[in-house]
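# Structure at a glance
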Amino acid sequence: MKFYILTLFPEMIEAALFHSIIKKAIERQIIEIECINIRDFAGNKHNQVDDYPYGGGAGMVMRAQPVYDAYESIRRNISPNCRVVYMTPQGEKFSQKKAESFSQEDDLVLICGHYEGIDQRVIDEIVTDEISVGDYVLTGGELAAAIVVDATARLVGGVLGKAESSLNDSFSNGMLEHAHYTRPMEFMGRCVPDVLLSGNHGKIAKWRQEESVRKTMAKRPDLLQDKS
Ligand SMILES: C[S@@+](CC[C@H](N)C(=O)[O-])C[C@H]1O[C@@H](n2cnc3c(N)ncnc32)[C@H](O)[C@@H]1O
C-alpha cells in the first residue's frame, strides 16, 4: 500500500513515521510513504502558499492552486478511484473501523492543512473523505495524518510480525483488549495472575475474554452498548 501525503512540513511526517514497525515495513517494501511538499507548487517567487481570507478576519488560508498542483503531480501514479483524505477537525472521527477500511486500499492520499485551513474550492474539487482525529484543533494536519497512516499501515498484511496480532487489539471486536504481563512474575509486590502461569490454554483464553469484558464495562461501557 502506498500513502501520498501532501504537506508543508514533510519533516514532521518523517519524524513521526520513519521508525520502528512502520520503518521496517517500508524497508521490506510492504508499504510506501511519499511526502509531496505543497510549497514546491507555490508558483510565485517567494514560495508563498497562503493568502489573506476573503471577507477579512484573523489568520491566513492555504491557496487552492498549490494544493491542486501538488495533487496533480501524483494523479497519474494513483489508482483512478483513490481516496483523497483531508485532515480536518470538521471531519468524521477517525476510528479502528475507518483504519480497517483504509487498509483495504492500494493507495491513499492525505492532505494536511495549516493556518486557518485550505481554500474550500480545492477541497470540493478533489477530496473524497474528511477525517478528524478528535474534537480539538491542532496547528496543522501532519500529526493527524501520521496517526491515520500509522493505524492504517499496521493493518496491512505482513506489517505486524504475526498476521493475527492485530485481531485482538482494542476496538477490533468492539471491546478493549485484556491486560498484558511479562517477566518478572512479581513487581513491587504485584503478582502476575495465576491463570497465566497455569499453561492451560483454555483457561487462559477464558480469563482473557472475561478481562476484556470487565475492562470494557469499567472503562468504555459505550462500546458494549454499540455492540447490542
Ligand atoms: C488550525 S487548523 C484549522 C482549523 C479550522 N480553522 C477550523 O476551525 O476548523 C489547521 C489544520 O490543522 C489540521 N487539523 C487541526 N485539527 C485537526 C483535527 N482534530 N483532526 C485532523 N486535522 C486537524 C487541518 O488540516 C487544518 O486545516
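Residues numbered from 1 in each chain as written. Predicted model: local features only at pLDDT ≥ 70, side-chain atom pairs only at ≥ 80, totals over all residues. Heavy atoms only, no water.

### Regarding the domain arrangement of the chain
Keep this limit in mind: These domain limits were set by an automatic method or by a database of domain assignments.
For the chain, the domain assignment lists domain 1 (2-153) and domain 2 (168-227). On a C-alpha basis, the centroid separation for the pair domain 1 and domain 2 is 36 Å.

### Section: the sheet that holds strand β5 (residues 83-93)
Put simply, the rule is: A pair of strands is labelled paired if DSSP reports no fewer than 2 bridges between them. What counts as a helix is a DSSP run of H or I of at least four residues, what counts as a strand is a run of E of at least two, and both are numbered from the N terminus. Here an angle of 0 to 180 degrees is reported between the N-to-C directions of two axes, which are lines fitted to C-alpha atoms, with helices fitted over the stretch in contact. Residue contacts are counted whenever heavy atoms from the two residues lie within 4.5 Å of one another.
Here we have five strands laid out as an open sheet, ordered β2-β1-β6-β5-β7, and parallel in their pairing. Whereas interior strands pair on both sides, the edge strands pair on one side only; in this sheet they are β2 (32-37) and β7 (129-132). Here the average twist between neighbouring strands, direction ignored, is 30°. Of the pairings in the sheet, the one linking β5 to strand β6 (residues 107-112) comprises five bridges and is parallel in character. Along β6, the bridge assignment pairs methionine 87 with cysteine 112. Each of β1 (2-7), β2, β5 and β6 is contacted by helix α3 (residues 64-75), which is oriented at about 155° to β1, the strand it contacts most.

### Comments concerning α3
For clarity, the threshold we go by: The span expected for a helix works out to 1.5 Å for each residue beyond the first. A simple rule labels every residue: compare its accessible area, found with a 1.4 Å probe on the protein chains alone, to the largest value its type can have, and call it buried under 20%, exposed over 50%, or partly exposed in between.
The end-to-end C-alpha distance of α3, which contains twelve residues, comes to 16 Å, matching closely the 16 Å that a straight helix rising 1.5 Å per residue would cover. Listing the buried residues of α3 in full gives Ala64, Pro66, Val67, Ala70, Tyr71 and Ile74.

### Here we look at the packing of helix α4 (residues 96-103) against helix α6 (residues 142-153)
Cut-off, in case you're wondering: Should an angle fall under 35 degrees it is called roughly parallel, over 145 degrees roughly antiparallel, and 65 to 115 degrees roughly perpendicular, with every other angle called oblique. Residue polarity is assigned by list, with Asp, Glu, Lys and Arg as charged and Ala, Val, Leu, Ile, Met, Phe, Trp, Tyr, Cys and Pro as nonpolar; anything else, Gly included, falls into the polar class.
Between α4 and α6, the shortest axis-to-axis distance is 8 Å and the interhelical angle comes to 70°. Taken together, the axes of α4 and α6 lie roughly perpendicular to each other. Across from Ala99, Phe102 and Ser103 in α4, the residues of α6 making contact are Val148, Ala151 and Thr152. Looking at side-chain class alone, the contact of α4 with α6 contains four nonpolar, two polar and no charged residues.

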